[in-house]
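Structural characterization, general
The residues making up each chain are set out below.
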Amino acid sequence: MTTDSNNNLAPYDNIHAFPLPEVMDSGSSTSYITLSRKALHNNLSFLRDFIHKDTRISSVVKGNAYGHGIEQIVPLMCEYGVRHFSVFSCNEARRVRACASSDADIMIMGWIDNADLEWAISKDIEIYIFELDRLKQALTVAKKQGKQVRIHIEVETGMNRTGFVSQELPEVIQILEDWKPHYVLEGICTHYAGAESVANYVRVKKQIEVFHTIKTLFLDKGLIPNYLHTACSAATFSYPKTQMDMVRIGIMQYGFWPSRETYIRYRTQFPHIDDPLKRVISWKTRVMSVKQVGVNEFIGYGTSYLTQENTKICTIPVGYAYGYSRSMTNIGRVIIKGKRLAIIGVVNMNLSIVDIKEAPDIKKGDEVILIGEQQGLSISVASFGEYSNQLNYELLTRLPKAIPRYITE
Ligand SMILES: *Cc1c(COP(=O)(O)O)cnc(C)c1O
């Protein structure tokens, strides 16, 4: 088993906090999610082997670990040897702190209330700094606490989202020179505006150049960060030179390519291997009830589906309130009893309707695959995404936190 070369693999056995029950039971929830430990570890090994051996991997677990569940995924990652996590908000950082091994580093890339700065600094959380107000606040709090705040200076290179613009840099550098005892310069970083598509090639290349120019301004003043980091999953694969000292990997850990293009590009370079990534998540429910409907009848609300013949249908207890998008109306597919079957009529708030003409022996309580595999058939999140124009990212992160999540081998 390969591990993050910057991190020691400490024994970590908090993992049984979420044991797999004998019979998977969705309890009071209408569906449940399973997470494959083997798939996750496979993906982490693949990433570790591809990424330069001196480059640290930060595991991005924002958006509730891309919908997989922070409390389930983070311990599995710690078990593998991951010791750096990236989140968006202070709230997520608290959740990671509570379930990660105690020697793991946590980095907040986005929102921190000034009131939360106190907590973050007292817990040695690493924070992105992309505006003067936060820089000054953070240094002031650190001084008051007698601590060194661990900062990552985010610089604007062309995404035009967050990050210091070039006019601000002289003041940033001056402040950093004046406040040296009160911080650790963990990183200088930026983010690319669409490394997953070759359409953005010129823009990303320009960003890479700008980053190297700006970085020099800091280095020339003796402000040497522990990590220069710029790459997400797509940049790591499509622009390997952007890996630098650390990469921030989100989507690929969970077994998804950032885009079809990134995958095809990889397969072109390494034609002899199959898709090296394995999906970690499956999402399942059960048949709620079964009934017969005659010919020339509309199904569900409105008039979006008219039966052409006598039709057997079943209802399943998932709808848009549970993360099953309304855009799957008349488009979605599920697997029941080894058959791929169609969602007919509109997706409701709490339930959806499936045409089971082709599998009339389906009965109440049968397992329904919303995402995942059964008897050699699979419904992938990507196919879901293509049906409904949702990116993997969006579908995954919309999975409600309340759905129970179980770890399987
Ligand atoms: C979400 C995010 C990442 C990870 O992106 P993936 O495409 O999921 O690898 C990296 N860096 C920043 C700043 C992000 O917001």
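Given the structure is predicted, the values throughout are model-derived calculations rather than measurements.

Conventions used here
- Residues numbered from 1 in each chain as written.
- Predicted model: local features only at pLDDT ≥ 70, side-chain atom pairs only at ≥ 80, totals over all residues.
- Heavy atoms only, no water.
- Buried < 20%, exposed > 50% of the residue type's maximum accessible area, 1.4 Å probe, protein only.
- Helix = DSSP H or I, 4+ residues; strand = E, 2+ residues; numbered from the N terminus.
- Contact = heavy atoms within 4.5 Å.
- Phe/Tyr/Trp six-rings, centres within 6.5 Å; stacked < 30°, edge-to-face > 60°.
- Near = heavy atom within 4 Å.
- Polar contact = N/O pair within 3.5 Å; in protein donor to acceptor, adjacent residues only side chain to side chain.
- Nonpolar A, V, L, I, M, F, W, Y, C, P; charged D, E, K, R; others polar.
- Domains from an automatic or database assignment.

Let's shift gears to helix α4 (residues 90-99). Here α4 has its buried residues at C90, E92, A93, R95, V96 and C99. Contact partners of the buried residues in α4: α2 (62-66), α3 (70-80), β3 (84-87), β4 (105-108) and α5 (114-122).

What follows deals with the packing of aromatic side chains. Per the stated rule, a full pass over the model turns up 16 aromatic pairs. Measuring from centroid to centroid gives 5.8 Å for F46 and F237, while their planes differ by 25 degrees, and the two rings are stacked. In this pair, F46 is assigned in helix α1 (residues 37-50) and F237 in helix α9 (residues 233-238), connecting sequence segments 191 residues apart. Looking at F237, the relative accessible area reads 5%, which means it is buried.

Further remarks concern the site of the ligand. Close contacts around the ligand come from V60, K62, Y66, M109, H191, C232, S233, R248, I249, G250, I251 and Y393, and that covers them all. In this structure, G250 approaches the ligand through a main-chain N or O atom, which is 2.9 Å from an oxygen atom. Counting only elements with at least two residues in the shell around the ligand, the list comes to α2 and β9 (246-249). Split by residue class, the shell around the ligand holds seven nonpolar, three polar and two charged.

Our next topic: the domain arrangement of the protein. Looking at the protein, the domain boundaries give domain 1 (37-269) and domain 2 (281-379). On a C-alpha basis, the centroid separation for the pair domain 1 and domain 2 is 41 Å.

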